[in-house]
Amino acid sequence: MQPITPQLYSRLCDVIENNILPLTTQMTCVGCKVFGAAVLLKKDLSLVLASTNHEAFSPLWHGEVYCIKQFYEKQGHPDPKDCIFLATHEPCCMCTSSIAWSGFDEVYYLFGYESTGEDFNIPHDQKMIRDIFGCKEPNHDNSYFKMHNMVNEAKNFDEEEKKKALDRYEKIRKEYAVVSEQYQSGEKKMILK
């Protein structure tokens, strides 16, 4: 498993803030959760696709699954092995399986399961993976993919880069807290605004 670099960390945070979060903000207004995903090319980190949760329309349209659906519908999409899969939150058991089935071999996420439950008040991922699969989290280094916790890996940066990375995490966490509050307080309906 290759460690994350400060440059990659910064680029992935840019995609979360500038591409995924605006979509998520729009979709939480209609009752969709705060989870999103994106696909980037490994060679130059250009964005292939950004998406977000569409659970108000189907309980299966988690952010990662919906992103995979859109990726495969895209004419001339790149080979998943040439791409990075980015999830805003540590993928649940359904999304983890979907990523494995779809062929992406490098996965990054910003918020771990602990944040999903504590910061976003959506603990279902943790309960489901424990109750159904009997574990606390999927194996992050397996024969299908390598999954990277961006924040944990950023703690290995030098002191200056680590401070910048953790400050960026806090900024994004606060932005997501606003969107999470919008989701938590909103009426769950299937009408796009």
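Residues numbered from 1 in each chain as written. Predicted model: local features only at pLDDT ≥ 70, side-chain atom pairs only at ≥ 80, totals over all residues. Heavy atoms only, no water.

What to know about the nonpolar core
- With 30 residues, the main nonpolar core has Y9, L86, L110 and M150 as its most contacted residues.
- If you tally residues by element for this core, the top one is helix α1 (residues 6–28), at eight residues.
- If sequence neighbours within four positions are ignored, L110 has contacts with Y9, I16, A87, T88, N149, M150, V151, Y169 and I172.
- Judged by nonpolar contacts, the second largest core, of 18 residues, contains C67, F85, F104 and V107. (Core = buried A, V, L, I, M, F, W, Y, C linked by side-chain atoms within 4.5 Å. Buried < 20%, exposed > 50% of the residue type's maximum accessible area, 1.4 Å probe, protein only. Helix = DSSP H or I, 4+ residues; strand = E, 2+ residues; numbered from the N terminus. Contact = heavy atoms within 4.5 Å.)

Describing the sheet that holds strand β3 (residues 83–89)
- The sheet built from five strands is open, its strands ordered β2-β1-β3-β4-β5 with mixed pairing. The open sheet is flanked by β2 (47–52) and β5 (146–149), the only strands paired with a single partner. Strand-to-strand twist in this sheet, taken as the mean axis angle between neighbours without regard to direction, amounts to 20°.
- With respect to the sheet, helix α2 (residues 63–73) is in contact with β1 (36–41), β2 and β3, its orientation differing from that of β2 by roughly 135°. (Pairing = 2+ DSSP bridges. Axes fitted to C-alpha atoms, helices over the stretch in contact; angles between N-to-C directions.)

Examining unusual backbone geometry
- Residues other than glycine seldom take positive phi values, yet L45 does so here, at roughly 60°.
- Along the polypeptide, L45 turns up in the loop between β1 and β2.

Digging into the layout of surface pockets
- Considering only enclosed or pocket space, the largest pocket measures out at about 190 Å³ in volume.
- Around the largest pocket, the lining residues are C93, T96, S97, A100, I129, F133, C135, P138, N139, N142, Y144 and F145.
- Within the residue set of the lining of the largest pocket, elements represented by two or more residues are α3 (93–102) and α5 (124–133).
- For the lining of the largest pocket, the leading source of residues is α3, giving four residues. (1 Å grid on protein atoms, 1.4 Å probe; cavity = no way out; pocket = protein on both sides within 12 Å on 5 of 7 lines; lining within 4 Å. Points joined across faces, edges and corners; volume = space filled by probe spheres on them.)

Some words on the pattern of salt bridges
- Inspection of the entire model under this criterion finds twelve salt bridges.
- Residues E73 and K69 are paired through a salt bridge, measuring 2.8 Å at the closest nitrogen-oxygen approach. Remark: K69 and E73 occur in helix α2; sequence separation between them is four residues, near one turn of the helix.
- What makes K69 partly exposed here is its relative accessible area of 25%.
- A salt bridge links E161 to K164; the shortest N-O distance between them is 3.5 Å. (Salt bridge = Lys/Arg side-chain N within 4 Å of Asp/Glu carboxyl O.)

Thoughts on the packing of aromatic side chains
- For the coordinates displayed, the defined rule picks out seven aromatic pairs.
- Geometrically, the ring pair formed by F71 and Y72 is edge-to-face, given 5.2 Å between the ring centres and 85° between the ring planes.
- Exposure remark for Y72: the relative accessible area of 37% places this residue in the partly exposed category.
- Here the aromatic cluster, defined as three or more aromatic residues joined through ring pairs, consists of F71, Y72, F85 and F104.
- Of note, K69 hangs over the ring of W61, and the distance from its end group to the ring centre comes to 5.6 Å. (Phe/Tyr/Trp six-rings, centres within 6.5 Å; stacked < 30°, edge-to-face > 60°. Lys NZ or Arg CZ within 6 Å of the ring centre and 35° of its normal.)

Comments concerning α1
- For α1, the principal kink sits at I20 and spans about 45°; a proline, P22, occurs within the next four residues.
- Burial in α1 covers these residues: L8, Y9, L12, C13, V15, I16, E17, I20, L21, T24, M27 and T28.
- Residues of α1 that are buried make contact with β1, β2, β3, β4 (106–111), α6 (150–154) and α7 (159–185). (Bend = angle between axes of the 7 residues up to and from the residue.)

With respect to the side chain of H140
- Summarising the element assignment, H140 is placed in the loop between α5 and β5.
- For H140, a relative accessible area of 15% translates into the label buried.
- Among the polar contacts listed, one links the side chain of H140 to the side chain of E90, at a separation of 3.0 Å. (Polar contact = N/O pair within 3.5 Å; in protein donor to acceptor, adjacent residues only side chain to side chain.)

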